[in-house]
Amino acid sequence: MSAQPPFTDPAGTWNQRFSAAGYLFGTEPNAWLHEHADLWHAGQRVLSVADGEGRNSVWLAQRGLTVDAFDISEVGVRKARNFARITGVKVNFAVADVATLQWPVSIYDGVAAIFFQFADPELRAKIFSGIVHCLKPGGTLVLQGYAPKQLEYRTGGPPIASHMYTPELLRESFHDMEILELLEYEAELAEGTGHKGHSALVGMVARKRA
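A separate point is the pairing of strand E4 (residues 108-114). With seven of seven residues buried, E4 lies mostly within the body of the structure. At this point the chain moves from E4, through helix H5 (residues 121-134), to the parallel strand E5 (residues 135-146), and the crossover so formed is right-handed.

Structure representation (structure tokens):
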């Protein structure tokens, strides 16, 4: 399948997608994140990357974590702030473009990096580097994305082969980290209307070396 050009207006694209009623990816946390969030303990500081409408960040805050979250979409962040308010938790939300983000140095105990496959290989490499940069030594990354077979299922994510994840790609990208778990698998997703149906997935948990 030939690659499609990246979004020419990513903020506008996501603002439009998040403007619909309800929550595009639902209000429940991602299942891979839910399964592995016990790695972090109440009071620790966690970053949720490209957080959208807040389903993951709000859930993490409900677990007693100090949560920072950002997204490029003003509409998405506004909905996320409202979701946090009605849920009764505090999340430090920001509108930010991951392509130009100035990543902080070694301040997070954890990073949740769930489905940001809008990123082409060049941007993806910058994001992966930033994630490592912002984790404290011993901090953990929980990451999930789509595998190449997702191009057949078309139940979520962009239909662009170069944006998919493989275990080999993640091992190479995070070679300086300790890989605790790396799994390519298939599962039924029910994350709003955005991720719905049988899906080809890759999940990883990795720890930044001391």
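Continuing now.
Before going further, it helps to examine the pairing of E5. With respect to burial, E5 is a largely interior element, nine of its twelve residues being buried. Where E4 and E5 come together, six bridges link them in parallel fashion. Across the sheet, the residue bridging to alanine 112 is valine 142, located in E5. Inspection of the sheet shows E5 paired to strand E7 (residues 195-208) by seven bridges, in the antiparallel sense. Its bridge partner being in E7, threonine 140 is matched across the sheet by arginine 207.

Residues with a pLDDT of 70 or more make up 96% of the protein chain, whose mean pLDDT is 93. Counting contacts from residues 1-6, a segment whose pLDDT is below 50, to residues more than four positions away or on other chains yields six contacts.

For an α-helix, 3.6 residues make a turn, and residues three or four places apart therefore share a direction. The end-to-end C-alpha separation of H5 is 20 Å, in line with the 20 Å expected for 14 residues at 1.5 Å each. Burial in H5 covers these residues: Leu123, Arg124, Ile127, Phe128, Gly130, Ile131 and Cys134. Down the axis of H5, the smallest arc covering the buried residues is 160 degrees, so these residues share one side.

Rules and cut-offs
- Starting from 1, residues in each chain are numbered consecutively following that chain's sequence as written.
- Only residues with pLDDT of at least 70 get local features here, since the model is predicted, and only at 80 or more are side-chain atom pairs given and counted; chain-wide, interface and lining totals rely on the full set of residues.
- Each side-chain value is worked out from all heavy atoms of the structure, with water and hydrogens disregarded.
- Burial classes: relative accessible area under 20% of the type maximum marks a residue as buried, over 50% as exposed, and values in between as partly exposed (1.4 Å probe, protein chains only).
- A run of H or I in DSSP counts as a helix once it spans at least four residues, and a run of E counts as a strand once it spans at least two, with each numbered from the N terminus.
- When the strands point away from the viewer and the path from the first strand over the helix to the second turns clockwise, the crossover is right-handed.
- A pair of strands is treated as paired once DSSP finds two or more bridges between them.
- Confidence of the predictor at the level of single residues is given by pLDDT, which spans 0 to 100.
- What makes two residues a contact is simply this: any of their non-hydrogen atoms within 4.5 Å.
- One fewer than the residue count of a helix, multiplied by 1.5 Å, yields its expected span.
- Read the arc as the range of directions from the helix axis to the C-beta atoms.

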